[in-house]
Amino acid sequence: MCIVTEATNFMRVFRLPLQYPEGFCFNGGYPVEIQLVDWFNPFNPEDFWGEKTKELTPTGMEAHRNLLRDFIKAKGYVKQFTGYTFLAIADYGDAFLITT
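Residues numbered from 1 in each chain as written. Predicted model: local features only at pLDDT ≥ 70, side-chain atom pairs only at ≥ 80, totals over all residues. Heavy atoms only, no water.

What follows concerns the environment of Val4. Take Val4: it is sitting in strand β1 (residues 2-4). On the basis of relative accessible area, Val4 is assigned to the buried category, the value being 0%. Leave out the neighbours within four places in its chain, and Val4 touches Asn9, Phe43, Phe48, Thr53, Lys54, Leu56 and Tyr92. (Helix = DSSP H or I, 4+ residues; strand = E, 2+ residues; numbered from the N terminus. Buried < 20%, exposed > 50% of the residue type's maximum accessible area, 1.4 Å probe, protein only. Contact = heavy atoms within 4.5 Å.)

If you want it as structure tokens, here you go:
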């Protein structure tokens, strides 16, 4: 069960690199550059007026992820950077990949 509040109704989308460093990540790992390409409220902010919250079951979460994937895939930055993978991270504890 996931609970979304007005404070956690926020999502960031990052473009991941096409290539990663090789080798083991001993001694602190390797720096990898990702780029923030978008941020938005994944739910209508009005849904949280009056201290309301949203409770999502695992099935509801997956359905919402699919809607968000379709929404993100329609964005210009996804069309501009075909072949990249994008990472969406929500403040309510969800994260998923968008592949092109």
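You can see Asp38 is positioned in strand β3 (residues 35-40). Given a relative accessible area of 13%, Asp38 falls into the buried group. Side chain to side chain, Asp38 and Lys75 meet in a polar contact 3.2 Å long. Here Asp38 is in contact with Met11, Arg12, Val13, Lys75 and Tyr77, once residues within four sequence places are set aside. (Polar contact = N/O pair within 3.5 Å; in protein donor to acceptor, adjacent residues only side chain to side chain.)

Let us now look at the sheet that holds strand β5 (residues 85-90). Read across the sheet, 4 strands follow the order β3-β2-β5-β6 without closing on themselves; strand pairing throughout is antiparallel. At either margin of the open sheet sits one strand with a lone partner, and together these are β3 and β6 (95-99). Taking each pair of neighbouring strands and ignoring which way they run, the sheet shows an average axis angle of 25°. Looking at chain direction, strand β2 (residues 11-15) and β3 are connected through 5 bridges and run antiparallel. (Pairing = 2+ DSSP bridges. Axes fitted to C-alpha atoms, helices over the stretch in contact; angles between N-to-C directions.)

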